[in-house]
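Structural overview for review
Chain by chain, the residues:
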Amino acid sequence: KNFRYSTNQMMTNDSHSSSGLRKGAVKANGAGDRRPAAWTTKSKRTKSLDKFRERKEKKRQRTAKSLRSYQKACKSMGYSPGQGASRKRQESLEENLQVRAAVLSEETQQENENDAALTENNRRRPKSSMFQKASAKAAQRKEELAQLQAQQEANAQERSQKLRQRKEKSRKLRQRTARGQPIMKHVVHNILDKLQK
C-alpha cells in the first residue's frame, strides 16, 4: 500500500514539472516542426563524423604535398611525372637522356665553380688552429703587461731622481754662514732655476 502511494506520488510530481522535457528530449513547435531543445549539444555520432572528416582532409593534404614534391624531383631528374591515377613515370628514351645529360652537365659545372671558389678561399685564408684566438689574446695581454711594467720602472726612476734633487736643493738652502745668514749663492741659483722652468 505504501509502495503504491509513493509511485503514484512520483508520477504526479513528474507530470507537474515546469518544462515537461527531460535531457535529450525534442520539443515540438507547432505544425510538425521537431527541433532539439536549445541546451542540447552535438551527438556523439556527429562529433565522430567531424573528427573522421578532419583526419581524411589532413591525409589528403599530406598526399598532395608528397605528390608535388615527387613531381618536382622527377622534373629535376629529367623524367616527366605521370598524370592521373597511374602516376607512373613516362619517359621517352631520347628526350629524357638529353634532358638528364643537360641537367648533369649543369650540376657538374656548378660543382666545379664551387670547388674553384672554395680552393681560392682556402688559399687566401690560412687554416686556423683551435686556440688561435686565445693564443693571440694571451700574446696581446703579455705585450700590454710588458709595456706597463717598463712604464712603471721609468716612473720609479724619475721619481727617485726628483727626490734626490729635492733633497740636494733643500740641503743647499739650509746651509748658513757662521753668523746664521743663508748662503746667497744657493738662493740665487734656486731663483734662476725657477725662472728657467
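All figures in this text were calculated on a predicted structure; none of them were measured in a lab.

Notes on the packing of helix H4 (residues 132-174) against helix H5 (residues 184-196)
With their axes 8 Å apart at the nearest point, H4 and H5 run at an angle of 140 degrees to one another. What the angle tells us is that H4 and H5 run oblique. Across the interface between the two elements, Lys 169, Lys 172 and Leu 173 from H4 touch His 186, Val 187 and Asn 190 from H5.

Brief notes about the pattern of salt bridges
Taken as a whole and assessed by the stated rule, the structure comprises 4 salt bridges. Of the charged contacts in the structure, one is a salt bridge between Glu 57 and Arg 60, with a shortest N-O distance of 2.7 Å. Note that Glu 57 and Arg 60 are positioned in helix H2 (residues 44-77) at a spacing of 3 residues, about one turn of the helix. A salt bridge links Lys 162 to Glu 158; the shortest N-O distance between them is 3.7 Å. A residue pair is termed a helical-turn pair when its members lie 3 or 4 positions apart in one helix, as Lys 162 and Glu 158 do in helix H4 at 4 residues. On the basis of relative accessibility, which here comes to 43%, the residue Glu 158 falls in the partly exposed class.

Procedures and definitions
- Residues numbered from 1 in each chain as written.
- Predicted model: local features only at pLDDT ≥ 70, side-chain atom pairs only at ≥ 80, totals over all residues.
- Heavy atoms only, no water.
- Axes fitted to C-alpha atoms, helices over the stretch in contact; angles between N-to-C directions.
- Helix = DSSP H or I, 4+ residues; strand = E, 2+ residues; numbered from the N terminus.
- Parallel < 35°, antiparallel > 145°, perpendicular 65-115°, else oblique.
- Contact = heavy atoms within 4.5 Å.
- Salt bridge = Lys/Arg side-chain N within 4 Å of Asp/Glu carboxyl O.
- Buried < 20%, exposed > 50% of the residue type's maximum accessible area, 1.4 Å probe, protein only.

Function cannot be inferred from these measures alone, as they are strictly geometric.
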